[in-house]
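Chain by chain, the residues run as shown.
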Amino acid sequence: MTDIELVEKLRRDLGPAALEVANPDRRRIFLKVAPGSLIAAATLLRDSYDCAYLAAITGLDKGETFELLYHFASTEANINVRTEVPRTAPHIASITPVIPGAILYERELQDMFGLVVDGIPDARPLVLPDDWPAEDHPLRKDWKFQRPAEIIPGDKS
Amino acid sequence: MKFQIPIGPQHPALKEPISLRMTVEGEVIRDADIRLGYNHRGVEKLAEEKNWIQNIYLTERICGICSHSHSTCFVQGVEKLMEIVPPRRGLYLRYLVSELERVHSHLLWLGVAGHEAGFDSFFMYTWRDREIVMDLLEMISGNRVHYAMNCLGGVRRDIDEAQKAKILEGVAVLRKRSEYYFRIGASEPSFVARIAGVGMLTKELAVKLCAVGPTARASSITRDVRKEDPCAVYDELDFAVGTADSCDVLGRVVVRVQELLESYKLIEQMIHKLPDGDIAVKAPRKAKAGEVVSRYEAPRGENLHYIKSNGTDKPERLKVRAPTLANYPATVEMLRNGFIADIPLIFAAIDPCICCAERTVTLVNVRSGEETIVPLSDLRRQAAERRTNVPAKRNAVWPF
């Protein structure tokens, strides 16, 4: 299936759920859906597009919203499903019932962006330390790393 | 009766910091939990403060073994954003180094697999031969580990006729040596028996858990980015994707052996087909606003970089997904119902690269499991169960 056929098929299958379908490059398809239809889109991709393989989930801080990109891949194309959640209510449903391999990426999202993944089977932090402040999320744009002041024992200053 | 055994973050069987917590019943692992974060360096956050050129060298330092993989994945994405096309010669040289790197990584892994299986002479032989490819890489790039070959728009160093001859010579020696080692398997049944039937991962599970690279290919999934998403030169070259259907550590050895032979083929083709011309074009300082998903087949599996640009000389976002992270959920399944003695072997079989998978600094307490008194009847039951759990493949054969 060529890229154009894939884009057409996606438009037909998803109907109004597909807010945007773009094909900026060979084998690269960007699909935008509302957060509510993410699970449906993932199920469709898994069952009818041979995209059982989720390569990664990228989070992006866009100020008012967080953008999430689910990178699916089949042998034909790389289909990236984009969705946006508001910063004031950063909730997204877990896609692990559809793609069990997504668990680590969802845990990473929770750590790095402070998103709440509803229905995640394992909500422990993945990469952040146990004593990390709960409201600090390093990949948010307003989070800046402050190096603690160096204290030299016995130093005159 | 269940115990919890913590392994790591520092442990002689693991070369890098990771914590595995095993729930065991006798010798049999019932559940495994992987704890990450000991080596997280915040590369993604740092990348947002560096410009495009600096980021090439930053991404190269994500990993020590597959350093070229990350930088190649990054530059091929940024080149798309900047709308520049590197010259053919530059591309051939870039992917020539990629294949040499794959050879060095797989030879390293074969040695580690031999070592974990208790076959140390195999380890010494493969690592001796790995020096040949390390010397070639040093000759091409001036470095053994961080080659710094990539620049935006091509590569930084050219090779001459004498170097071409040396590479061909080195590959011929490596092929001969590799073929000899692969015959060793047939005359060393204890090695094959040790790795056959260990760390089973069925195809269904591998698909469900999104495994990548040789781990997936050993469970008969033919997923290779070089074939399905051919970047630059791979669609002009002849090579096959190595797969195995035994779904165990033996299969993972077989896949890597096949990939080694395919890489030798690719290197020879690249040298023979090497076009004339420039090796690089000049790249602009800024990239246009846009986004790109860059995929690359690293020695350990698919490497994915998502790069978003906002029109300045710095990326808005760089997302790195290293292959090892994708293979962790599958590793837990591989460990389940295996033996404690197989942990290093199974874990080594995904060729874990912790520094790749993690990019902050953490300190975590690892609590040990509680001890309990085990009644004799339980021990007997365990002993009986163990026999039924022994890998079924008693008469495994070396496939070469």
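For every chain, the first residue of the written sequence is number 1, and numbering continues from 1 onward in sequence order. Here the convention is simple: chains get letters from A, ligands get numbers from 1, in the order in which they are written. With the structure being a predicted model, the display of local features is reserved for residues of pLDDT at least 70 and the display and counting of side-chain atom pairs for 80 or more, all residues being used for whole-chain, interface and lining totals. Side-chain numbers come from the whole structure's heavy atoms, not from hydrogens or water.

## Examining the overall build of chain B
What counts as a helix is a DSSP run of H or I of at least four residues, what counts as a strand is a run of E of at least two, and both are numbered from the N terminus. Counting its regular elements, chain B contains 15 helices and eight strands. Across the 400 residues of chain B, 60% fall into the buried class. The Shrake-Rupley method, run with a 1.4 Å probe, gives the accessible areas here. Residue values count only the displayed protein chains as cover. Only carbon and sulfur atoms are counted for the fraction: they give 54% of the accessible area of chain B, which is about 15,300 Å². The classification of residues rests on relative accessible area computed with a 1.4 Å probe and restricted to protein chains. Under 20% of the type maximum is buried, over 50% is exposed, and intermediate values are partly exposed.

## Quick word on the interface of chain A and chain B
For this analysis, residues touch if any pair of their heavy atoms sits within 4.5 Å. With 44 residues of chain A at the contact, the number on the chain B side is 41 residues. Buried area: the accessible surface (1.4 Å probe) lost by two parts on joining, summed over both. Between chain A and chain B the total buried area reaches about 3,600 Å² when both faces are included, carbon and sulfur atoms providing 53% of it. When residues of chain A are sorted by the area they lose upon contact with chain B, R28, Y53 and L139 of chain A head the list and together hold 17% of the total. Between Lys or Arg on one side and Asp or Glu on the other, a salt bridge is scored when a side-chain nitrogen of the former is within 4 Å of a carboxyl oxygen of the latter. On the surface where chain A and chain B come into contact, there are nine salt bridges. Residue K319 of chain B pairs with E108 of chain A through a salt bridge whose shortest N-O separation is 3.5 Å. Side-chain atoms alone can form a polar contact between residues adjacent in sequence; in general such a contact is a pair of N or O atoms within 3.5 Å, and within protein one must be able to donate a hydrogen while the other accepts it. On the surface where chain A and chain B come into contact, there are 20 residue pairs in polar contact (both at pLDDT 80 or more). Those elements giving two or more residues to the side of chain A that touches chain B turn out to be β2 (28-32), β3 (53-61), β4 (65-73), β5 (78-86) and α3 (103-113) of chain A. Looking at the side of chain A that touches chain B, the element that brings in the most residues is β3 of chain A, giving nine residues. In terms of residue class, the side of chain A that touches chain B is built from 24 nonpolar, eight polar and 12 charged. When residue character is reported, Ala, Val, Leu, Ile, Met, Phe, Trp, Tyr, Cys and Pro are called nonpolar, Asp, Glu, Lys and Arg charged, and the others, Gly included, polar.

## Some remarks on the environment of P299 of chain B
Residues and elements named next belong to chain B. You can see P299 is positioned in the loop between β6 (290-298) and β7 (301-309). Residue class for P299 comes out buried when judged on its relative accessible area of 1%. C-alpha of P299 to C-alpha of D278: the two residues are 21 residues apart in sequence and 28 Å apart in space. If sequence neighbours within four positions are ignored, P299 has contacts with C66, S69, E101, R102, S105, H106 and P214.

## Some points on helix α4 (residues 88-116) of chain B
Residue and element names in this part refer to chain B. With 29 residues, α4 extends 42 Å between its outermost C-alpha atoms, agreeing within 8% with the 42 Å of an ideal straight helix rising 1.5 Å per residue. Burial analysis of α4 places 27 of its 29 residues in the buried class, which makes it a mostly covered element. Looking one or two residues past α4, G118 carries a phi angle of roughly 85°, positive in sign. Multiply 1.5 Å by the residue count of a helix minus one, and that product is the helix's expected span.

## Points about empty space enclosed by the protein
Detection works on a 1 Å grid of protein atoms alone, calling trapped sets that fit a 1.4 Å probe cavities and calling open sets with protein on both sides within 12 Å along at least five of seven lines pockets, with lining residues defined by an atom within 4 Å of a point. Grid points are joined across faces, edges and corners, and a volume is the space filled by probe spheres set on the points. Size it by volume and the largest cavity reaches roughly 50 Å³. Lining the largest cavity are I57, G59, Y105, E108, L109, M112, F113 and L139 of chain A together with E44, R317 and K319 of chain B. With five residues, α3 of chain A is the single largest residue contributor to the lining of the largest cavity. Class assignment of the residues belonging to the lining of the largest cavity gives a composition of six nonpolar, one polar and four charged.

## Focus: the confidence of the model for chain B
Predicted coordinates in areas of low pLDDT are best not read in detail. Residues and elements named next belong to chain B. Summing up the model confidence of chain B, the mean pLDDT is 84 and the portion of residues at 70 or higher is 88%. Contacts of residues 359-374 to residues separated by more than four positions or lying in other chains number 46 contacts, the stretch itself having pLDDT below 50. Interface confidence in the predicted complex, given as ipTM, is 0.91; pTM for the same model is 0.88. pLDDT is a residue-level measure of predictor confidence that goes from 0 to 100.

## Notes on the pairing of strand β1 (residues 20-25) of chain A
Residues and elements named next belong to chain A. In terms of strand pairing, β1 meets β2 through four bridges, oriented antiparallel. Of the residues in β2, the one forming a bridge with V21 is L31. When DSSP locates at least two bridges between a pair of strands, those strands are taken to pair. The antiparallel hairpin formed by β1 and β2 contains two residues in its connecting segment, where R27 sits at a positive phi of about 65°.

## Considerations on the sheet that holds β3 of chain A
All names here are of chain A. In space, the five strands of this open sheet follow the order β1-β2-β5-β4-β3, with mixed pairing throughout. The open sheet has two edge strands, β1 and β3, and neither has a second partner. Strand-to-strand, the axes of this sheet are offset by a mean angle of 20°, without reference to chain direction. In this structure, β4 lies alongside β5, joined through nine bridges in antiparallel fashion. What sits directly across from H71, in β5, is N80. Note on definitions: angles span 0 to 180 degrees between N-to-C directions of axes, and those axes are lines fitted to C-alpha atoms, for helices only across the stretch in contact. Sheet contacts for α3: β3 and β4; angle to β3, the most-contacted strand, approximately 10°.

## A closer look at the layout of surface pockets
Estimated volume of the largest pocket: approximately 520 Å³. What lines the largest pocket is a set of 24 residues, among which D25 of chain A together with Q76, K80, C231 and A232 of chain B lie closest to the centre. Contributing elements (two or more residues each) for the lining of the largest pocket: α3 (67-82), α4 and β6 of chain B. A class-by-class count of the residues in the lining of the largest pocket yields 10 nonpolar, three polar and 11 charged.

## As for the pattern of salt bridges
Under the definition given, this model contains 46 salt bridges over all chains. Here D47 of chain A and R46 of chain A are joined by a salt bridge, their closest N and O atoms 2.9 Å apart. Put simply, E67 of chain A and R82 of chain A hold a salt bridge, and the shortest N to O gap is 2.9 Å. Pair noted here: E67 of chain A is in strand β4 and R82 of chain A is in strand β5, with a separation of 15 residues, a long-range link. The buried category is assigned to E67 of chain A, whose relative accessible area is 2%. On the accessibility criterion, R82 of chain A (10% relative accessible area) is buried. Salt bridges sharing common partners tie together E99, R102, R217, D224, R226, E259 and E297 of chain B.

## A short note on helix α2 (residues 52-60) of chain B
Those residues of α2 of chain B that fall on the buried side of the exposure criterion are W52, N55, I56, L58, T59 and E60 of chain B. The opening residue of α2 of chain B, the one whose side-chain oxygen lies 3.1 Å from the backbone nitrogen of I53 of chain B, is N51 of chain B.

## A look at the packing of aromatic side chains
Pairing of aromatic rings covers Phe, Tyr and the six-membered ring of Trp, with a centre-to-centre limit of 6.5 Å; geometry is then stacked below 30 degrees between planes, edge-to-face above 60, and tilted otherwise. All told, the structure shown has 13 aromatic pairs over all chains when counted by the stated rule. The interplanar angle of 70° and the centroid separation of 6.1 Å between the aromatic rings of F66 of chain A and F113 of chain A together place this pair among those described as edge-to-face. Taken together, the residues span a long stretch of sequence, with F66 of chain A in strand β4 and F113 of chain A in helix α3 at a distance of 47 residues. Here F66 of chain A matches F113 of chain A in class, with each residue buried. Three or more aromatic residues link up through ring pairs in this structure, and these residues are F119, F122, Y125, Y180, Y181 and F191 of chain B. Comment: the charge-over-ring label is applied if NZ (Lys) or CZ (Arg) is within 6 Å of the ring centre and within 35 degrees of the ring normal. When the ring centre of Y49 of chain A is taken as reference, the NZ or CZ atom of K9 of chain A above it lies at 4.3 Å.

## Here we look at the packing of helix α1 (residues 3-14) of chain A against helix α2 (residues 38-48) of chain A
Residues and elements named next belong to chain A. Remark: α1 packs on α2, axes separated minimally by 12 Å, with the N-to-C direction vectors making an angle of 130°. As far as their axial angle goes, α2 and α1 are oblique. Considering only the axes of α1 and α2, their crossing is right-handed. For the pair α1 and α2, contact is made by K9, L10, D13 and L14 and by A41, L44, L45 and S48, respectively. Residue composition of the contact of α1 with α2, grouped by class: five nonpolar, one polar and two charged. Angular relationships are summarised with four words: roughly parallel below 35 degrees, roughly antiparallel beyond 145, roughly perpendicular across 65 to 115, and oblique for the angles in between. The hand of a helix crossing depends on one turn: near helix anticlockwise from the far one by less than a right angle means left-handed, and clockwise means right-handed.

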